[in-house]
Every structure is written in C-alpha cells, then in structure tokens.
Amino acid sequence: MKNLFLLLFLIPLSSLAQTSGVSVSGQIKDQQKKEVLAYVNVVLKNEKDSSFVIGTVTNEEGRFTLSNIKTGRYMLEFSFVGYLTKKQPLFVGNMSAFLDIATIELTEKTELLNEVTVTARQDAIGNKMDKKTFNVADNISQSGGSVLQAMYNLPGVTIQDGKVLLRGSDKVTVLIDGKQTALTGFGSQTSLDNIPASAIEKIEIINNPSARYDANGNAGIINIIYKTNKQEGFNGKVGLAGGLGALWIKQENLPSIRPQYQATPKINPSLSLNYRKNKINAFFQGDYLYTRTLNKNEFVDRFYDNGDVVRQQTKRNRRTSLPTAKTGIDWRINSSNMLTVSGFFSSEKILDNGDEPFFNADLTERRRLWQFLEDELKTTVMASTAYQHKFKEAGHLLNIGFNYTFHREDEKYFFTNIMPTFTGLDAFKLISDEHVGDLTLDYIRPLRYGRFETGLKFRRRVIPTNMLFIPGLNSPLDVNAGGAATYKETIPAAYGTYIFENPKYELEAGLRVEYVGVRYEVNPNHNTYKSDGYNYVQPFPNVRLAYKINDKNKLSFFYNRRVDRPNEVDIRIFPKYDDAEIIKVGNPALGPQFTNSLELGYKTGWAKGYFYSAVYHRIADGTITRIASTVPGSNLIYAIFQNAKRSYNTGLEVLLSQEAGAALTLNLNANIYKNVIDAFSVENKYPTPHTFSADKQALTSGNVKLSGTIHLPKKVDAQFVAVYLAPDIIPQGKIGARFSVDAGIKKAIPKGEVFLNATDLLNTMVVKKEIFGDGFRYVSKDYYETQVIRAGYNYKF
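These numbers come from a predicted model, not from an experiment. (Residues numbered from 1 in each chain as written. Predicted model: local features only at pLDDT ≥ 70, side-chain atom pairs only at ≥ 80, totals over all residues. Heavy atoms only, no water.)

Participant: What am I meant to see in the nonpolar core here?
Facilitator: The tendency in soluble globular proteins is for nonpolar side chains to be buried as a group. Counting 52 residues, the largest nonpolar core has Tyr577 and Tyr686 as the members making the most contacts within it. Those residues in contact with Tyr686 that sit more than four places away from it in its chain are Asp478, Ala481, Asn527, Thr528, Tyr529, Pro575, Tyr577, Val585, Tyr638 and Ile640. (Core = buried A, V, L, I, M, F, W, Y, C linked by side-chain atoms within 4.5 Å. Buried < 20%, exposed > 50% of the residue type's maximum accessible area, 1.4 Å probe, protein only. Contact = heavy atoms within 4.5 Å.)

If you want it as structure tokens, here you go:
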C-alpha cells in the first residue's frame, strides 16, 4: 500500500505536465527468480538537473507506462523495497509515438535480506481509506488455524457466536476472490471457521464499498483472497500444521452427562502448485483441515415470572474434516486478451455429539437429558470463467465473467430424549440444494484526471429444501412444521462510477440500481406459515470526497446506502432442535433492512508509521433481529427473526502503527461505538400467534487490540496480540466483557519457515450473556474451546 500511496500522488502531477507526447513502457522482473515485480516505483527525471518529470508504479504483471513525454534526454529510476535502485538513461525522439524499453531486471539487496524481511510491510489502511488489507502470513499468532481465527486479531473486527462483526454489526458480506459463493453465504456468514487459513494470501476489510460491489451488507465487505503465484516455471509450497486445544477443563460438567472433549487434535496439511510458461499459467491450491473441538460448553440459568428456575448445560463435542481444492488455468491469448477458467471444491463433514441436561434450581432433580448426534455434510462446487480484454490505452479494460455455485446441505439429527418416566428416540433429516448463477460485465475507461467504471450483473438463485421429522415416543418435535419449501431470488443490477483526481482533491461518485425479486414457496400443509416474498427497485448511491492537506495528511468523507436482504436460513420455516427448550425458527415474512452510512476519516503518515481515525454513523430501517419469547402455558423459548424498527450505530475508530526501532513494530486499534435500537412491537406467528414488545435499548461499547511484532536475530519473528472486548448490546440483552492474549513465533529457514503459537494464553475467554424476554430472563456463560497450541512447517520449491 505504501507504493500505491505514492502512486496516487504521482499520477495527478504527471497528468498536468503534458498534453501530448511519447508513451514509454516496459516490464520489471527479479534478476535471479525471473518473476515479475508489481508496485515498483518508476520515476522519470531530467538528465540535466534531476528534476522530477513523471512517475508511476508497475501493475500486477510488472508492467508500466509513462505517457506524454516530450522530446529530450532523461534518466529512468527504478526503486523497490528490498532491491537495489537502478538507473537507466533514456532518449525520447519524435519519430515514434511509443517506446518499449523491454525488460528491466532488479537485484535483491542480499546483504540486507534480514532487514528487508522485517521492514518491507505495507500500511494496512489504503490511501483511499476505504479498506484495510492484511496479509495472513503476518498473523503469526494464528498460523495454522481457520480464516475465522485469523480474523480474530484484525483491527476493527470482532468475533461473536462464530460470526464476524465490523464496528459492532454482523451484517457483513463475505467474498472469495471478489465473488459471493454459497461456501461463505449470500448475505450471511457461513463456514468461515472451516476455511483453512493456509489457503489464503490476504484479507481485505472494506467498510465503504463502491457501487461496483453488491449492495448487500451494511457493515461492509470482507474479501478473502486465495494464494496465487506469478513465478515463472514450476514451483509450489507444501505445509503441515498441527495443534492441541482444550488443554484443561474450564468448567466441570453438570451431573450425569458424557465427558467433554480434552486435548483436541488439529491437523492441517496444504499443497500449492503453479506452472507458468509462455501464455499459460496453471495453478492448484489444496488443503485439508481436521479438528476436534469443544465447540460449545454453555451453562444457562433460566428464571421465569412464575417462579420456576431451570439450570441447563449445552455441551457439544465436534469433529470436523474439510478437504478444499481450487484449480484453474490462465490463458493469455495475446497481449490484449486473457481467459481464466477455474474450479473450487469443498466437502465439510461435521459430527456433533452433544448433551443437554436440565435441572431444577439446586441441581437435586434432573428433569430431562437431551442427547443428540448431528451428522452434517456440506458440499460446495464452484465453476468460474473470466474473460478480459485490454484496449490500446493502459487501464482501459472490459471484463466478462460467469460464476456457478452448487451447495448441498445434507443434515441429520438423532435425539435421545430421556425423561423421568420414559425415553424417546427422535430424528429429523434436512436436505437443501442451492444453485446460484452470476453473470457480470465490467467496463473501465481511464480519463485524463481519473476514470469511469460501469457494469451489469444478473443473478438467479434457487434453493429447494425438504425437512422430514421422525418422531419417537411422546415426541417434542413439531412434525407438522416440516415438508418442502423453495427459495427463489432474481437480481439484475447496473452501476456506474466516476472518479476524479487532481493534486488537492479526489472524488468518487457511484450509483448502483438493483431490482430484487424474492419468492419463498411453502408447502400448503405447513401448520403456521404460508408462501411469501418481496420485491423492490432501489438506488444505492455512494460518494467519497477527499482533500489532500499535503503529501502526508488526508481527509476523506464517505456516504453509502446499502441493504441487508434476509438469507434463506433466516426465513426457513422449519424449527431447529439443537437446543431442546430454546427453539429457533425462521420467518418467511421477513423483509430487507436498509442502511444509510456516513463516515469522516483522517490519515497521516511518517517515516516509521501512520495514524488513522474515522468517525462513523449508521441508520438502519427495518432492523433484522432475532426475538426470543414464550407462549402462554409453556416454558419453551422460541427464537424467531423479525424486522424491528430503526436502529443506530455511531462510533470512532482509531488505528496507530509505529516502528519502535529496528526490532519492534506496534499496532494499536481502538473502536468505541454506541448501539441504539428503538422500541418496537411485533407479532410472532410460531407456534401460535403472540405479540412481543421491547423497550428502547442503548449501550456504549467497543474494543481495543494491541499487537507487537518483534524481529529477533537469525531470522526469527515473535508476535503478541492482546484483545479486550467491552460489554455490548445484543437482541433483548447484553454480552459481557471478554479478554484474551495470543502469541506466536516463527523462524525462516532455507526455502521455508517453522512456527509455534498459542491462542488465549491465559484461558480467560468466556462469553457471558443476559437475555430478557416476555415472562422470563436467562443468564449464560459459554466455556467453549479457546486455548489452542499449534506448530507447523512450510517448504517452498
């Protein structure tokens, strides 16, 4: 990002220098490895007095173009972190409008390799201040884990109940290589804890997306970018990581249940292969993740208005195995046209063995023991093709893509319902097949002082689902709430974005217009719900206006309008019985949530660090939230999604990065925000119609993260991360404060590295909640597995 930061200041200066002249182009490679070098600084100076004429940086292919050069004698200067600066004289005549200086090779600073390894870092905050970019390899304390675990230590990110929150909101859209897939969810978050971090190169957090992105996700976008290799010839990387979790028991079980997992193993082998020659680049990334996890160990005390007290524990021992593979080929047809065909496959197998005992207040009477086995297989297949045409002008592009995703969810639950007078055996089976097709067209036209972008997108999504309940003796299952249902979604969209830049100002103004048609077809025999849906045509504008105070200081203002469309799981009509007495069910009448966001950001930089701050405010109408309530005559709690009224999220985010000498880099991130939900009243239709009302809720919360990377002799790096999460508001209640410390160390060895790390060193991460509902309240503490020790080895060839 540091090089991009320089580029955005060089381009406007060069555009004002000439109105016509010669274009000079070339390509830069590593002298020894012969691989292309992206983001190399290229500066043209007058030979006579070394005055600056024009500058740029190389693109992803190592290529650069300098335009509008007058006739004369010049000096070209090429510089890049970790390489020797190279100078080359250049004469520009008037016989040709284009000059190609062929390939320039840069030599590594071999005598400074140790220093290069630890100082060649980029600012996490991009110059546009619209996103943060993090290399997964830099997250030493979470190496060998999942993508979700890798994000735990990132600035501005909070993990809660297996979901990512950005600035206190879980309304986040997750992309893989810039595309929405069923693997990570369309408008929701799924499977992040089961994507191996070993397959990922970097993670982008986009708080203020442009009109080019889908309008879904009010909190922003997380873009997970898989590893790629641009080195010539055949090369690759093989890795193996392993670990142990749940090293000791945080909280003993309630009486009469099976033991909780201890010393849980984790295994993550990975293989990356790449072959690049002439016009062909073939790639493969394969990973396997096997884990045993104490996934949940929650103790709940429920207090009812009638004086009854229920004490329960939900203990879930989980085994997960997940192979993933991504492969494809890039074919450079010629200098102007490229075709990429790729495929992705994953098969996630989850086996949960759980126990839920229910006792009276003093644990002298066990009222029920609910034991379950969940056998779930999630299969994802994705096929993509992308075509790119490069016009004569640099940066003038046409991109056409098609992406098809198939995702099957095959889920089986087997329950043993042990009551004082009988034992029942119950089960249900659910199968869901998701088909998604995305067709996109994007056009980019550079202008003299910026560029224009426009595009079209069409999506068709169909999800047929079927639920079969198999009741046993005195079954608690609602067998009349099963059957078939089909979710259908059609979204055509068009967008346009204009970008302007001069030495003092930047403007990005975009508009995306979407039509959304959703239809949820419910089998006519369902005992509560009927077919439903919604449709709308809505504009989603975005504006970014920046003022460059000087080369080191910039102010940026953002405005965004976005939407959160209910995901299919949110409206799914089938009750879920993974908890015997807190039953979750969807709502087909659930509508979209629309959000307007404002943000003012400031960034300043200096030689050894930078400071970033942002003040933001979000207003959401039709806030989507899950409501927990009871019905008269029953102690069962039903958790159902509803549209509440308006909610607000206002906050301040600060990020400070500083190199404290040659051996230590410190990063401090603080996020303070206030969440407010207006009072509302809704009708829950399941299992029988009843009204729920809630008073206005407001709470100020936030989080602080401090990380440090220490560069030791002999190519050894160590890292620590301390995280504090303040109490926060959740639907109908609040979640308590949380704190943890992670640490890791890695050593570079010939052609590879070894690492050792540990999460939650002090074993302090416990999730505490308090929920208030009509006729009840409950408090809970979840002592799930958080402490894990991992070690691993990566070898490059």
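Participant: In this structure, what is going on with the packing of aromatic side chains? I would like to understand it.
Facilitator: In this description, a pair of aromatic rings is defined by centroid distance and the angle of the planes. Counted under the stated rule, the structure contains 23 aromatic pairs. Relative to Phe415, the ring of Tyr413 has its centre 5.4 Å away and its plane inclined at 15 degrees; by these criteria the two rings are stacked. When sorted by exposure, Tyr413 lands in the same class as Phe415, which is buried. For the pair Tyr638 and Tyr686, a centre-to-centre distance of 5.8 Å together with 75 degrees between the ring planes defines the contact as edge-to-face. In this pair, Tyr638 is assigned in strand β31 (residues 637–643) and Tyr686 in the loop between β34 (680–684) and β35 (690–694), connecting sequence segments 48 residues apart. Pairwise contacts between aromatic rings join Trp370, Phe372, Tyr413, Phe415, Phe428, Phe469 and Tyr577 into one cluster. The ring of Tyr213 carries the charged tip of Arg212 above its face, separated from the ring centre by 4.6 Å. Taking NZ or CZ as reference, Arg368 lies 6.0 Å from the ring centre of Phe358, over its face. (Phe/Tyr/Trp six-rings, centres within 6.5 Å; stacked < 30°, edge-to-face > 60°. Helix = DSSP H or I, 4+ residues; strand = E, 2+ residues; numbered from the N terminus. Lys NZ or Arg CZ within 6 Å of the ring centre and 35° of its normal.)

Participant: Got a minute to help me understand the pattern of salt bridges in this structure?
Facilitator: When the charged atoms of two side chains lie near each other, side chains of opposite charge can form a pair. Summed over all chains, the structure comprises 46 salt bridges. Close ionic contact of Glu599 with Arg167 constitutes a salt bridge, the shortest N to O distance being 2.8 Å. Of the two residues, Glu599 is situated in strand β28 (residues 593–606) and Arg167 in the loop between β10 (163–166) and β11 (172–176); the sequence distance between them amounts to 432 residues. We classify Glu599 as buried; its relative accessible area is 4%. Using a relative accessible area of 3% as the deciding quantity, one classes Arg167 as buried. The partner of Glu506 in a salt bridge is Arg544, with the nearest N and O atoms 2.9 Å apart. One end of the pair, Glu506, is in strand β24 (residues 505–522); the other, Arg544, is in strand β25 (residues 532–550), with 38 residues separating them in the sequence. One exposure class covers both Glu506 and Arg544, and it is buried. Residues joined in a network through salt bridges with shared partners are Asp214, Asp438, Lys457, Arg459, Arg512, Glu514 and Arg565. (Salt bridge = Lys/Arg side-chain N within 4 Å of Asp/Glu carboxyl O.)

Participant: What's the story with the sheet that holds strand β2 (residues 41–46) in this structure? I'm lost.
Facilitator: Strand pairing within a sheet occurs via backbone hydrogen bonds; the two strands may be parallel or antiparallel. Spatial ordering of the open sheet is given by β3-β2-β5-β6, a layout of four strands whose pairing is antiparallel. Bordering the open sheet on either side are β3 (52–57) and β6 (86–92), each of which pairs with just one other strand. Strand-to-strand twist of the sheet, defined as the mean angle between neighbouring strand axes without regard to direction, takes the value 20 degrees. In this sheet, β3 lies alongside β2 in antiparallel orientation, the contact comprising five bridges. (Pairing = 2+ DSSP bridges. Axes fitted to C-alpha atoms, helices over the stretch in contact; angles between N-to-C directions.)

Participant: When you look at unusual backbone geometry in this model, what are you seeing that I'm missing?
Facilitator: Where the residue is not glycine, phi is negative for most of them; where a peptide bond is considered, it is trans in most cases. For the bond running from Tyr686 to Pro687, omega is -5 degrees, close enough to zero to count as cis. The residue Pro687 is located in the loop between β34 and β35 in this model. Residue Ser50 is not a glycine yet carries a positive backbone phi of 60 degrees. Secondary-structure assignment places Ser50 in the loop between β2 and β3. Owing to a relative accessible area of 49%, Ser50 belongs among the partly exposed residues under this scheme.

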